[in-house]
Amino acid sequence: MDQFLRYAFIIICSSFVLGGCASNQSLQRDTASQQYSPVEAAPGSAKTEKLWQAFERYQGTPYQYGGTTARGFDCSGFITTAYREGLGQQLPRTTSQMLRYGDVVHPQDVKPGDIVFFRIAGKDQHAGIYMGDNRFIHASTSSGVIMSKLNGYYWKDRFSSARRFD
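As the structure is a computational prediction, the values presented were derived from the model and not from experiment.

Asker: Provide a residue-level description of the overall build of the protein, including the pertinent values.
Answerer: The helix and strand inventory of the protein stands at four helices and eight strands. Overall, the protein shows an N-to-C arrangement of helices and strands of α-α-β-β-α-α-β-β-β-β-β-β. In the protein, the share of contacts with a sequence separation of at least 24, taken over all contacts with a separation of at least 6, comes to 56%. On the protein, roughly 9300 Å² of surface is accessible, and the fraction owed to carbon and sulfur atoms is 51%.

This is the structure in structure tokens:
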């Protein structure tokens, strides 16, 4: 029994350590995102449906700087994997390359499948895939692959631009 309690304690402590983050993105978790139906975002969109499938396949995968596999993703690694697997489309690998090569989309014209960018510490260094209904999917440093709201606590003042790759 002592050994069981020791293992349980180690697992609980490890989960707290692994749950730490490089930023405070998860201060207010969006509980609505766990009950969200992708059909509400863009009904009938084959592109969006394939991106949802990629999200569902990798949801919860941990964040790993430079990561491009199911062992761990960074934000651009998740985006390139979702586009490659879901849509058969090769995107630039890094956030800065995506900003350089994507077609500029005005904020009021953002559509599901567009890449949205966020300015953190004065630099456009985070990105996700807009999925409609004010939601985007991304690899968060604090929570791994998740869905968040554009107007959520952490993201609302950090949105900087969007790009489209058609």
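Asker: Got a sec to walk through the sheet that holds strand E6 (residues 135-140)? Specific residues and values, please.
Answerer: The strand order across the open sheet formed by six strands is E3-E8-E4-E5-E6-E7, and the pairing between neighbours is antiparallel. Bordering the open sheet on either side are strand E3 (103-105) and strand E7 (144-149), each of which pairs with just one other strand. With direction set aside, neighbouring strand axes in the sheet form an average angle of 35°. The strands touched by helix H2 (residues 46-58) within the sheet are strand E5 (123-132), E6 and E7, with E7 carrying the most contacts at an inclination of about 130°.

Asker: How would you sum up the environment of Gly67? Please name residues and give values.
Answerer: Relative to the helices and strands, Gly67 resides in the loop between H2 and strand E1 (68-69). Among all residues touching Gly67, those that are not within four sequence positions of it are Gly72, Phe73, Asp74, Gly77 and Arg93.

Asker: Requested: an account of H2, with residues and values cited.
Answerer: Taking 1.5 Å as the rise per residue, H2 with 13 residues should run 18 Å; its terminal C-alpha atoms sit 19 Å apart, in good agreement. Looking at H2, one finds that the buried residues are Thr48, Leu51, Trp52, Ala54, Phe55 and Tyr58. One side of H2 holds all its buried residues, which, seen down the axis, span an arc of 160°. Contact partners of the buried residues in H2: strand E2 (72-73), helix H3 (75-87), E5, E6 and E7.

Asker: Tell me about the environment of Ser160, residues and numbers included.
Answerer: Note on placement: Ser160 falls in strand E8 (residues 159-164). Once residues within four sequence positions are removed from consideration, Ser160 is found in contact with Phe117, Phe118, Arg119 and Asp124.

Asker: Talk me through the pairing of E7; I want residue IDs and the actual numbers.
Answerer: The buried count for E7 comes to five of six residues, which makes it a mostly enclosed element. Bridge count between E6 and E7: six bridges; the pairing is antiparallel. Considered in E7, the bridge of Phe136 is made with Ser148. In sequence, E6 turns back onto E7 through a hairpin of three residues.

Asker: Tell me about the pairing of E8, and name the residues and values.
Answerer: Taken together, the three bridges between E3 and E8 define a ladder with antiparallel strand orientation. Residue pairing across strands places Val105 opposite Ala162, the latter belonging to E8.

About the thresholds
Each chain has its residues counted from 1, running along the sequence as written. A pLDDT threshold of at least 70 governs which residues receive local features in this predicted model, and a stricter bar of 80 or more applies before side-chain atom pairs are shown or counted, although totals over entire chains, interfaces and linings include all residues. With hydrogens and water excluded, all non-hydrogen atoms of the structure serve as input to the side-chain values. Numbering goes from the N terminus for both helices and strands, where a helix is a DSSP run of H or I of at least four residues and a strand is a run of E of at least two. We call two residues contacting when some pair of their heavy atoms lies within 4.5 Å. For the area figures, the Shrake-Rupley method with a 1.4 Å probe applies, and any residue is considered shielded solely by the protein chains shown. In this scheme, strands are said to pair when DSSP sees at least two bridges between them. Between N-to-C directions, angles span 0 to 180 degrees; the directions come from axes that are lines fitted to C-alpha atoms, helices contributing only their stretch in contact. Each residue after the first adds 1.5 Å to the expected span of a helix. Exposed residues in this analysis have more than 50% of their type's maximum accessible area, buried residues have under 20%, and partly exposed residues fall in between, with area computed by a 1.4 Å probe over protein chains only. The directions from the helix axis to the C-beta atoms form the arc being described.

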